[in-house]
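Next come the chains, spelled out residue by residue.
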Amino acid sequence: MAAHPAYRFPAFGIVSFDDYLHLLAFHHLQGEKISTPTGSKCKRCPFRDDREGTGIVHSLKSGFHECWHEQNGIKPNAFGHQLILDLWNYRKIDEAIPQNKYFLFDLAHDPEWSSPVIPSALGLTPDQRQRLQIQKEASGDSTPFIFIEGLAKEMTTWHFPHHFIDFETSVPALPFTRGHSPYETVAFQFSMHNVYQDGSIRHAAQFLDATTGEHPNYKFLEHLRACLEWNDGTIFRYAAHENTVLANIRKSLLEDPDPPKERNYLIAFIESLICYEDGNGKRITGSRCMSDMFDLVKRYFYHPMMKGSNSIKQVLPAIIASSRFLREKYSQPIYGTEKIPSLNIKNHIWIDERMDPYKTLPPFFADLDPEELSQLSPSLEGFDEIHEGGAAMIAYCKLQFSEIPEVQREVLINGLLRYCELDIMAMVMIYEYWQEAVGQSLDHT
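Residues numbered from 1 in each chain as written. Predicted model: local features only at pLDDT ≥ 70, side-chain atom pairs only at ≥ 80, totals over all residues. Heavy atoms only, no water.

(A) Main features of unusual backbone geometry. Following Phe160, the chain continues into Pro161 via a peptide bond in cis, with omega recorded as -10 degrees. With respect to the helices, strands and loops of the structure, Pro161 is situated in the loop between α6 (148-155) and β4 (162-170). Of note, Tyr183 is a non-glycine position whose phi angle comes to about 65 degrees, a positive value. Residue position: Tyr183 is located in the loop between β4 and β5 (186-195). Phi at Ala239 takes a positive value of approximately 80 degrees, unusual for a residue other than glycine. Structurally, Ala239 is set in the loop between β7 (235-237) and α8 (241-255). (Helix = DSSP H or I, 4+ residues; strand = E, 2+ residues; numbered from the N terminus.)

(B) Inspection of the sheet that holds β4 at higher detail. Pairing within the open sheet is mixed, and its five strands lie in the order β6-β5-β4-β7-β10. What marks the edges here is a single partner per strand, and that holds for β6 (201-208) and β10 (291-292). Strand contacts of helix α7 (residues 217-228): β4, β5, β6 and β7, with the helix running at about 10 degrees to β5, the strand carrying the most contacts. (Pairing = 2+ DSSP bridges. Contact = heavy atoms within 4.5 Å. Axes fitted to C-alpha atoms, helices over the stretch in contact; angles between N-to-C directions.)

(C) Representation of the nonpolar core within the structure. By size, the foremost hydrophobic cluster in this structure holds 65 residues, and its most contacted members are Phe164, Met293, Tyr330, Trp350 and Trp434. Sort the elements by how many residues they give to this core and helix α15 (residues 406-443) lands first, with 18 residues. (Core = buried A, V, L, I, M, F, W, Y, C linked by side-chain atoms within 4.5 Å. Buried < 20%, exposed > 50% of the residue type's maximum accessible area, 1.4 Å probe, protein only.)

(D) Layout of the side chain of Thr177. Along the chain, Thr177 turns up in the loop between β4 and β5. The residues touching Thr177, leaving out its near neighbours within four places in the chain, are Gly213, Glu214 and His215.

(E) Focus on the pairing of β6. Pairing analysis gives seven bridges linking β5 to β6, with the strands arranged antiparallel. The residue of β6 that forms the bridge with Ser191 is Gln206. Linkage of β5 to β6, two consecutive antiparallel strands, is achieved through a turn of five residues, within which Gly199 is found at a positive phi near 90 degrees.

(F) Expanded view of the pattern of salt bridges. Evaluated as defined, the whole model comprises 20 salt bridges. One salt bridge connects Glu66 with Lys33, and the closest N-O pair in it is separated by 2.2 Å. One end of the pair, Glu66, is in helix α2 (residues 63-72); the other, Lys33, is in the loop between α1 (17-30) and α2, with 33 residues separating them in the sequence. Looking at Lys33, the relative accessible area reads 51%, which means it is exposed. A salt bridge links Lys313 to Asp423, with the nearest nitrogen and oxygen atoms 3.8 Å apart. On the criterion of sequence distance, the pair formed by Lys313 in helix α11 (residues 312-322) and Asp423 in helix α15 is long-range, its members being 110 residues apart. On the basis of relative accessible area, Lys313 is assigned to the partly exposed category, the value being 26%. Residue classification places Asp423 among the buried positions, given a relative accessible area of 7%. (Salt bridge = Lys/Arg side-chain N within 4 Å of Asp/Glu carboxyl O.)

(G) How the structure looks around empty space enclosed by the protein. Applying the stated rule across the entire model yields two cavities of 30 Å³ or more. By volume, the second largest cavity is sized at about 30 Å³. Forming the boundary of the second largest cavity are Pro172, Pro175, Phe176, Thr177, His180, Ser181, Glu184, Val186 and His215. Among the residues forming the lining of the second largest cavity, the class breakdown is four nonpolar, four polar and one charged. (1 Å grid on protein atoms, 1.4 Å probe; cavity = no way out; pocket = protein on both sides within 12 Å on 5 of 7 lines; lining within 4 Å. Points joined across faces, edges and corners; volume = space filled by probe spheres on them. Nonpolar A, V, L, I, M, F, W, Y, C, P; charged D, E, K, R; others polar.)

These results come straight from atomic positions and should not be treated as a statement about function.
See below:
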């Protein structure tokens with residue numbers, strides 16, 4: 001009989017998987033903690049609550065902070081400072097921790113981190129961004145950094161109307177429709193806001209196909225083309241997702257044995273919007289390639305509130321904290337009115353005392369009466385909000401697989417529409433803040 005393969009596990013060394021399970025069970029039954037060295041793996045710890053050490057009253061324990069206190073001797077009141085784990089894109093965490101460098105201020109006096117940050121014409125380099133984060137933390141500087149000159153130059157290349165877009169997709173292991181592959185991209189939703197030269201904003205278009213048993217990609221693409229082909233305005237996305245989705249649909253069109261009649265037009269449309277590789281591996285940039293706000297954030301903007309994250313959900317609260325203009329504008333119920341028309345929302349206040357627009361959307365089932373709530377599908381119990389793309393994907397899967405009454409399907413669909421719309425408004429708010437900052441700088445020159 002073959003021996004069981006052995007693996008290296010933290011705290012136990014090299015043991016078989018069966019022995020590892022027995023060791024875990026033994027320690028659990030004895031009520032004993034299993035101590036493991038801290039390191040870069042702690043970045044992914046799901047038990048971290050950063051309210052620890054800030055003085056904010058909360059009821060949850062932070063296993064992360066408890067572990068770091070026991071392993072490294074860090075006192076609870078020290079956790080208000082940024083840890084070395086929070087340094088953006090830092091690859092030497094496992095070298096720094098054994099040297100007792102736990103916080104960003106522990107790096108501040110090293111020569112590689114203490115030199116001045118002077119951006120080039122293209123903005124911050126990765127190491128300059130890291131230095132900026134360390135230096136602001138070490139000096140207690142809580143003000144934002146905006147590279148006005150670079151951002152202003154970038155803005156001169158943009159054309160009105162500006163289109164801000166967001167896609168929601170699924171990559172199911174089990175395809176929803178016959179003839180498709182496991183983990184194939186399903187593009188089921190997009191939303192778009194336009195910003196015009198006079199400064200006006202409009203939620204201009206959206207698409208959502210939740211029809212059971214239909215593959216929506218080509219319909220999605222046709223609707224997107226109809227929304228964008230009438231002008232040459234700059235198109236904005238946040239991160240690589242939209243580029244990747246369109247590249248995958250292009251590949252499907254090229255390989256489809258029974259393509260739509262407009263295949264060539266659709267491929268040409270995609271190729272105008274994305275960066276992709278041709279058949280020879282040559283990198284091609286489309287004539288109207290989408291502008292990536294994630295890349296713009298990395299090169300031109302940093303706020304200490306963001307710590308080591310450039311996620312839009314971290315950037316937006318930092319932007320709001322920095323802009324009185326945004327706080328005053330969106331603390332009024334002007335969204336979903338004639339001033340800022342919306343396809344889904346009426347008289348909405350995006351910014352309240354919580355300072356986080358993602359917390360202002362109502363729960364899915366807020367409008368259902370008690371009788372309707374009592375008939376809620378079991379597959380929807382505990383699922384009453386979407387705050388990130390993973391939840392949107394789950395909502396779409398429920399619409400495909402679950403037996404859900406029509407009223408509850410509509411609730412899910414409306415929730416998906418509102419969430420996708422909010423992601424776009426986050427991009428628009430960031431854009432407005434940058435416009436404000438650049439405009440104020442030009443006024444003072």
